[in-house]
Amino acid sequence: MLFTIPAISWGQGYFQQRTDYQINVKLNDVLHKLSAFETIIYTNNSPDTLSYIYFHLWPNGYKNNSTALANQLMRSNQLEFYEANDTSYGFIDSLDFKINGTSIQWNYLKDTIDICILHLPEKLFPGKAIQITTPFRVKIPGEAFSRLGRYKQSYQVTQWYPKPAVYDKFGWHAFPYLNEGEFYSEFGKFDVSITLPDNYTVAATGILQNNEEKERLNNLIESTSRIKSFDKNNIGFPPSSTTFKTLRFVQDSIHDFAWFADKRFYVAKGNIELPNSHRTVTTWVYFTNIEGNLWKNAINYVDSGVYYYSKWIGDYPYAECTAVESALGAGGGMEYPMITNIGLSGDAASLEEVIVHEVGHNWFYGILGSNEREHPWMDEGINSYYEQRYTVEQKKSNGYYGNVNILSKMLGKKTITPFDVNRLACDYIMRNGSDQALDLHSEAFLFENYAIVSYMKGAQAMNYLKNYLGAEKYDNCMQEYFEKWKFKHPYPADLQKTMEECSGKNLDWFFKGICKETRPSDYKIKSLKPDVDSNKINILVKNKGKLTAPVNISFFQNDSLTGSIWIDGFTGENNIVHNLPDFNKAVIDPDGLMFELKRTNNTSRTQGLFKKTKPLNLKLLGILENPDKTQLFYTPVVGWNTCDGIMSGILLYNPIIPERKIQYRLMPMYGTASNDFTGMGYSEYNFYPTFLNLQKFSLFAEYNRFHSVKTENASSWQKFEGGLNFIFKRNPAFPKRQWQGVIKSTYASHLYRDSVMNLFVNATVIFQDHSRKIPFHVEIHAESGPYYLKGWTDCSWGVNYKGRKTGFSARFFAGTFLYNNSNAGEYNFHLSGKYGKSVNQTSNDYTYSEAFPDRSGIMPPDNIWQHQFIKSDGGFSIYTPSSSGAWMTALNIESAFPLPVPLGVFFNIATYKNASKEDAANPSTFRWESGIELRIIPDIFVVYFPVFISNSIKSTYGFDSKTYTEKIRFTLRFSKLIPFRYTNEIPMMF
């Protein structure tokens, strides 16, 4: 949500407002509240006359389940806030705004309690300043919902005070607090005094002014240095002192203030000389026993971050830089001016990576104060590039952080860098149709794309730009950008202008292509024509993609690099003339710098029959694509069913990640009981159109063959299936909702009964929401088969109760035949759902869409697999042969007991027009049942124990004569244990 109010007039040139703060705050660590008074000198440096000022009251984002923060957390399936008790919520109150000592009218924005508007009693003219004062109280949230919060008496006090929204040349930028999507604030001077019990240690933005506290910190530093090992089990809190102290922190040229208080902090102190000015910066780390054995060396990581960012971008302008171990650790780490808090890291390498990243935010967020909410890549993407550059250049080793890890083995590379991971992530979303432009508002991203695009794609783009310009030119341009825009609010156009003026290059391909669009390039080498006489080579390159970005061509002789060139982007074909290198192979983008749609066509050799064919790579248990190889993965497989017995075989498939245009899986097997071949095959061809808001549509084909009758000459069933699968793009405002459509034709035959291949055509529309609070799944089907046409709707939804770790789910089914001239009762709607074999030795899974280990018609009448069913049609847990060739409706309700008890209750009711001979006298009837369920894997593996059954079922089918064991059935949906091809079904209960 963004409230942008047009300015009265834009004026000429750049301007920025100034906000100078004086805040006095007191911590009550019994009630976990802050009592404070704030004075702000607000200076209007704009050319416009202001009559109101927007203020952020972000602690109110934690006030209830109706705030923008609560809604975002819920949409992204983070239900901790929704599940929390009201006592864990936070808020800000006791506000009494005054302007120059006079009370004023102010009000919250409609439906937005963490933004208010102050109506000025007099107009604020350009160049004039006013004094704004208010008392306020903050209730600190009691859990790790987001950035402001506490763990017992460890306090993380961030985004905690009333602050004016930014007013710039684009108007007011007033927006609610969000967990995903960061901030934009005005620069000024902060003078903050914090009162709290005497035995707390405080780490904060700014420079501490109290000599007594400085001496106390020196003593803590000394005692910390003597500890050889930290006891991670000793994390208790000492009692709070009954005496209080007031600590004062002061800093100019910053736009935010955060502080962290804990009675358990250890402290280490260091210093680092800056590479350009040679000024010395004091560095600090504050930590507890939790990961003390990692943090005892963390001062080195802060030093390194300050030094290398200063070297590459410009010297750190402040006197101190601090990292704090946080009991909450929002998102692993979170930045504030001069200070960062870090969550649990697990190992030294991860801790170093996060500290360097968060220290780096002092440049991209702290000093270069861009609008993070509207242009998150200018903060996260650029900063991630420098953090990863640090990793690559300062941590060069035989693998990422010194280890040849799983990813390096999968890619067949000895050394894996963060840039390789970026490329893999970018290729993943680019090739499954879910890519988004880099320069989007933070709320415009799909939940999973926020990190991939803003961080990883942003870093990939900056690395691409650096390699195109060359490291020296790139560094010079970024240093010029830093000097021109430090302590200001740059936008993407400002960065582009600086980079183009410095480099002398037109960078529209970057700022308009990569930043604003999702069109990739797809360069390929069509031909290589060396001319020995002129010592030149003609390289014919074609761009089959739509991004006209620079292309890198590298030359190799027996896999050793012998040369590399950069060519400005183009469309169509381009004949490139270059000095003849010593080479036998030319490769486009060998380092994976570019946004290439297809990398398998980037290599061409000078010799050989198949110059553009990659060497075959046959690999066990592969997943990831290696564009330098023609890959075929395999894995041994073992299966079982009652007729084929133990089946052994092999699964052959091509790379899975990133998604390829053509995907296939072949799984031939041999059954020991049937003494015959079985197996399956599947292939799909994917398209990624831009029309109709489609993410992708796929042509798919599938073949299955297994045995289902155990005779001397075991008979088989087989099916051929093909069709279209449509997946529509998701709305970022509802990221868990998905529309999907499937049209498929199935040719199926049971060779024991007949040799005819029956044709079934099914069209399905699916709408689902993966929300953990109220998930739902709706399917609408239309199907034609031998002499019938029918349609049905299958709707499932669930509700998870607040604070109870449980909920209920319901399913509604309604189906009708438009016409039915078929005598095959298996095509009817069945009260007892879908089954592989019933007591009368039939199966109604006529399209063979589910996995039933027993489909035999002559097995003993009561084996365990006879009790397996799928909750479809009527969905009754107890078996009855009731079915309808006319219409049926049913309602299935389940309610789980509170965890950890894996039990629940169920109730099913249905009405239908009878099709069975037993019910011929009744044109329609009601059936119901209820009982207890054992929820082994909810919605996948559930055992149903009937308790109450309607008399109509008992009297009609004689269930009183059956043993109780015969009445128990279970669902075991193998299609949900393995990702389903056409639908992405969701469990209703959590």
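Just so it is clear, the model here is predicted, and its values are computed rather than measured. (Residues numbered from 1 in each chain as written. Predicted model: local features only at pLDDT ≥ 70, side-chain atom pairs only at ≥ 80, totals over all residues. Heavy atoms only, no water.)

Q: Before we go on, may I ask you to explain empty space enclosed by the protein in this structure?
A: Where empty space is left in the structure can be found by rolling a water-sized probe over the atoms. Under the definition given, this model contains 6 cavities of 30 Å³ or more. There is about 70 Å³ of room inside the second largest cavity. Taken together, Met430, Asp435, Lys457, Gly513, Ile514, Glu517, Thr518, Arg519, Pro520, Leu547 and Phe595 form the lining of the second largest cavity. Counted by class, the lining of the second largest cavity contains 5 nonpolar, 2 polar and 4 charged residues. (1 Å grid on protein atoms, 1.4 Å probe; cavity = no way out; pocket = protein on both sides within 12 Å on 5 of 7 lines; lining within 4 Å. Points joined across faces, edges and corners; volume = space filled by probe spheres on them. Nonpolar A, V, L, I, M, F, W, Y, C, P; charged D, E, K, R; others polar.)

Q: Where do I start with the nonpolar core in this structure?
A: Most often, soluble globular proteins keep nonpolar side chains buried together rather than apart. Ranked by internal contacts, the top residues of the largest apolar core, which has 175 residues, are Trp160 and Trp259. The dominant element in this core, judged by the number of residues it contributes, is helix H11 (residues 447-469), at 11 residues. Excluding anything up to four places from it in sequence, Trp259 contacts Val25, Leu27, Leu34, Tyr155, Gln156, Val157, Trp160, Ile194, Val202, Ala203 and Ala204. Counting 28 residues, the second largest nonpolar core, distinct from the first, contains Tyr653, Met669, Ala748 and Phe813. (Core = buried A, V, L, I, M, F, W, Y, C linked by side-chain atoms within 4.5 Å. Buried < 20%, exposed > 50% of the residue type's maximum accessible area, 1.4 Å probe, protein only. Helix = DSSP H or I, 4+ residues; strand = E, 2+ residues; numbered from the N terminus. Contact = heavy atoms within 4.5 Å.)

Q: Explain helix H13 (residues 492-503) to me, please; I cannot follow it from the model alone.
A: Side chains of residues three or four places apart in an α-helix project in the same direction, reflecting 3.6 residues per turn. Compared with the 16 Å implied by 1.5 Å per residue over 12 residues, the 16 Å span of H13 between its first and last C-alpha is a close match. For H13, the full list of buried residues reads Pro492, Asp494, Leu495, Gln496, Thr498, Met499, Cys502 and Ser503. Buried positions along H13 lie against helix H8 (380-394), H11, helix H12 (471-485) and helix H14 (508-514). Backbone geometry just downstream of H13 places Gly504 in the positive-phi region, at approximately 75 degrees. (Expected span 1.5 Å × (residues − 1).)

Q: Sorry, what's going on with the pattern of salt bridges here?
A: Side-chain pairs of opposite charge can arise whenever the charged atoms involved come near each other. Evaluated as defined, the whole model comprises 36 salt bridges. Between Asp439 and Lys516 there is a salt bridge, and its shortest N-O distance comes to 2.9 Å. Separated by 77 residues along the polypeptide, Asp439 in the loop between helix H10 (418-431) and H11 and Lys516 in the loop between H14 and strand S25 (523-531) bring together distant segments of the chain. When its relative accessible area of 7% is taken as the criterion, Asp439 is described as buried. (Salt bridge = Lys/Arg side-chain N within 4 Å of Asp/Glu carboxyl O.)

Q: Explanation requested: the sheet that holds S25 in the structure shown.
A: Think of a sheet as strands paired side by side through backbone hydrogen bonds, with each pair either parallel or antiparallel. Ordered by their spatial adjacency, 3 strands build an open sheet running S25-S26-S29, and the pairing between neighbours is antiparallel. Strands with a single pairing partner mark the edges of an open sheet, and in this sheet they are S25 and strand S29 (572-579). When strand polarity is set aside, the average angle formed by the axes of neighbouring strands in this sheet is 20 degrees. With 8 bridges connecting them, S25 and strand S26 (residues 536-543) associate as antiparallel partners. Of the residues in S26, the one forming a bridge with Ile525 is Val541. (Pairing = 2+ DSSP bridges. Axes fitted to C-alpha atoms, helices over the stretch in contact; angles between N-to-C directions.)

Q: Just to check I follow, could you spell out unusual backbone geometry for this structure?
A: The phi torsion of most residues other than glycine is negative, and most of the peptide bonds are trans. A cis amide bond, omega -5 degrees, links Ile657 with the succeeding residue Pro658. Looking at the element boundaries, Pro658 is found in the loop between strand S34 (645-653) and strand S35 (662-671). Of note, Asp939 is a non-glycine position whose phi angle comes to about 70 degrees, a positive value. For Asp939, a relative accessible area of 28% gives the class partly exposed.

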